[in-house]
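Below, each chain spelled out in residue letters.
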Amino acid sequence: AYMGEHNGDYGVSLFGAGVGADAKNPTRHVVSTRQSGLGLPNRDFYLEARHAETKTKYQAYVADMLGMIGWTNPVEAAAQIVALEEKIAEAHWTQAESRNRDKTYNDYTIDRLAQEAPGFEWQAFYNAAGLGHVSRLVVAQNTALPKMAAVYAETPLEVLQAWQAFHTADAMAPLLSQRFSDRRWEFRDRDLQGQPEQRSREKRAISFAESALGEAAGRLYVAEYFPPEYKAKMEELVANLRLAQAERIQNLTWMGDETKAAALEKLNKFTVKIGYPDKWRDYSALQVRGDDLVGNSFRLRQWMYADRLSRLDKDVDKSEWGMTPQTVNAYYNSVN
């Protein structure tokens, strides 16, 4: 139930379930399920000798974090947690396998998953995640899930509890007191990613606020720096680029007529997004309190998750933005 209640948001589940566009029917949403459960970036960090030092540092970090939350026997519990994650890693697909779009698209139902991967209470998990009623799932690493369910079934309850306690504290550490945020930075940013210096508290606070209310901040930003006439000019520029690209496709000598028609059809289906969305996100249902940082984080994640669940029976909104207006970047969504 705890895994389902915090599905995907604090790293406290062996399995991640989410709602997104169906890769084979991209106008509709589908529930997907994939492998999860590791505290290090991927299986290689547990199974390859070249990462032995990092794994040792990770175990020390787990012990420190458990000690700071008052867990009984934190050093022993940390060793058990890393041993559990090693078993999970052995069951995981490799990164290359997990990028294969054909192999990671497998039609399932909750009942079929329960039959093929016994030992884990799938229905209870999906019920707690608000997904117990779904009739269809797309399962990614389908052959890994039975092995992971078996690992779950054979793991003592107290080890699973310690594992969840650590991952909850680890996820929340940036929002807790300085000893938590500093210790997390030491391992996750310095040791694991090579960041030489921790960003200032002010910058971390701004990043948190932006991640929570990015479009609300973006609305203020574009009002000052990117008026509608700027957006109109850029839309005209991109429209001309598309015209030029269509002309180039039509005049290519090495491309056949059938391929040209397919290329032009794809070009016509592009949804161009410039500057900011035409419809701004509504934050009115999100409760924000000035004296409750951790509570704000919980409520934000619950609000975002409820928003994802509400899409299940709706068409995919291709006008929705995947980044904030103030983000200096660009992206291409292949499913759309």
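For the structure itself, look to the data block above.
This text gives an overview of the structure that appears in the document. (Residues numbered from 1 in each chain as written. Predicted model: local features only at pLDDT ≥ 70, side-chain atom pairs only at ≥ 80, totals over all residues. Heavy atoms only, no water.)

**Observations concerning the sheet that holds strand β4 (residues 137-139)**
To be explicit about the condition: Two strands are counted as paired when DSSP detects at least two bridges linking them. In this description a helix means any DSSP run of H or I spanning at least four residues, a strand means any run of E spanning at least two, and both kinds are numbered starting from the N terminus. To define axes, lines are fitted to C-alpha atoms, for helices over the stretch in contact only, and angles between the resulting N-to-C directions are given on a 0 to 180 degree scale. We call two residues in contact when some of their heavy atoms are within 4.5 Å.
Taken together, the four strands give an open sheet; going across it, the order is β1-β2-β4-β3, and neighbouring strands pair in mixed fashion. Strands with a single pairing partner mark the edges of an open sheet, and in this sheet they are β1 (15-22) and β3 (106-108). For this sheet the average axis-to-axis angle between neighbouring strands, irrespective of direction, equals 35°. Of the strand pairs in this sheet, β3 and β4 are connected by three bridges, and their pairing is antiparallel. Residue pairing in the sheet places Tyr-108 in a bridge with Leu-137 of β4. Lying on the sheet, helix α8 (residues 144-154) is in contact with β1, β2 (25-35) and β4; it crosses β2 at an angle near 40°.

**Topic: the packing of helix α4 (residues 74-91) against α8**
This is how it is decided: Orientation is classified from the angle alone, with under 35 degrees giving roughly parallel, over 145 giving roughly antiparallel, 65 to 115 giving roughly perpendicular, and any other angle giving oblique. Crossings are classed by handedness, with left-handed meaning an anticlockwise turn of the near helix from the far one by less than a right angle and right-handed meaning a clockwise turn. Residues were grouped as follows: Ala, Val, Leu, Ile, Met, Phe, Trp, Tyr, Cys and Pro as nonpolar; Asp, Glu, Lys and Arg as charged; and all remaining residues, including Gly, as polar.
Put simply, α4 and α8 touch, their axes get as near as 8 Å, and they point 160° apart. The pairing of α4 with α8 is recorded here as roughly antiparallel in orientation. Seen along the crossing, α4 lies across α8 with a hand that is right-handed. Note on element contacts: α8 touches α4 through Ala-144, Lys-147, Met-148, Val-151 and Glu-154, opposite Leu-84, Lys-87, Ile-88 and Ala-91. Of the residues belonging to the contact of α4 with α8, the class tally is six nonpolar, no polar and three charged.

**Focus on the pairing of β2**
Bridge count between β1 and β2: eight bridges; the pairing is antiparallel. Looking across to β2, one finds that Ala-17 is bridged to Thr-33. Remark: two residues form the turn of the hairpin made by β1 and β2, two consecutive strands paired antiparallel. Bridging between β2 and β4 involves three bridges; their strand directions are parallel. Bridge pairing in β4 places Thr-33 opposite Val-139.

**A look at α4**
In plain terms, the rule: In a helix, the anticipated span is given by 1.5 Å times the number of residues less one.
Its 18 residues give α4 an end-to-end C-alpha distance of 26 Å, which sits within 8% of 26 Å, the value for a rise of 1.5 Å per residue. Buried residues along α4 sit in contact with α2 (44-47), α3 (52-68), α8 and α9 (157-172).

**So, the packing of α3 against α4**
The N-to-C vectors of α3 and α4 enclose an angle of 130°; their axes lie 8 Å apart at closest approach. When the axes of α3 and α4 are compared, the pair comes out oblique. Seen along the crossing, α3 lies across α4 with a hand that is right-handed. Residue-level inspection shows Lys-55, Tyr-58, Gln-59, Val-62, Ala-63, Leu-66 and Gly-67 of α3 in contact with α4, the latter providing Pro-74, Val-75, Ala-77, Ala-78, Ala-79, Ile-81, Val-82, Glu-85 and Glu-86.

**Some thoughts on the nonpolar core**
Nonpolar side chains in soluble globular proteins tend to be buried together. The condition that has to hold: Buried Ala, Val, Leu, Ile, Met, Phe, Trp, Tyr and Cys residues form a nonpolar core when they are joined through side-chain atoms within 4.5 Å. Three exposure classes are used, based on accessible area relative to the maximum for each residue type with a 1.4 Å probe and protein chains only: buried under 20%, partly exposed in between, and exposed over 50%.
Formed by 54 residues in total, the largest nonpolar core has its most connected members in Tyr-58, Trp-122, Tyr-126, Leu-131 and Leu-137. The element best represented in this core is α4, accounting for eight residues. Leu-131 has contacts with Ala-17, Val-19, Val-31, Ile-110, Tyr-126, Tyr-305, Leu-309 and Leu-312, leaving out every residue within four places of it along the chain.

**What about the environment of Lys-314?**
Within the element layout of this structure, Lys-314 appears in the segment after α14 (293-309). For the pair Lys-314 and Leu-243, spaced 71 residues apart in sequence, the C-alpha separation works out to 33 Å. With residues near it in sequence (within four places) discarded, Lys-314 still touches Thr-27, Arg-28 and His-29.

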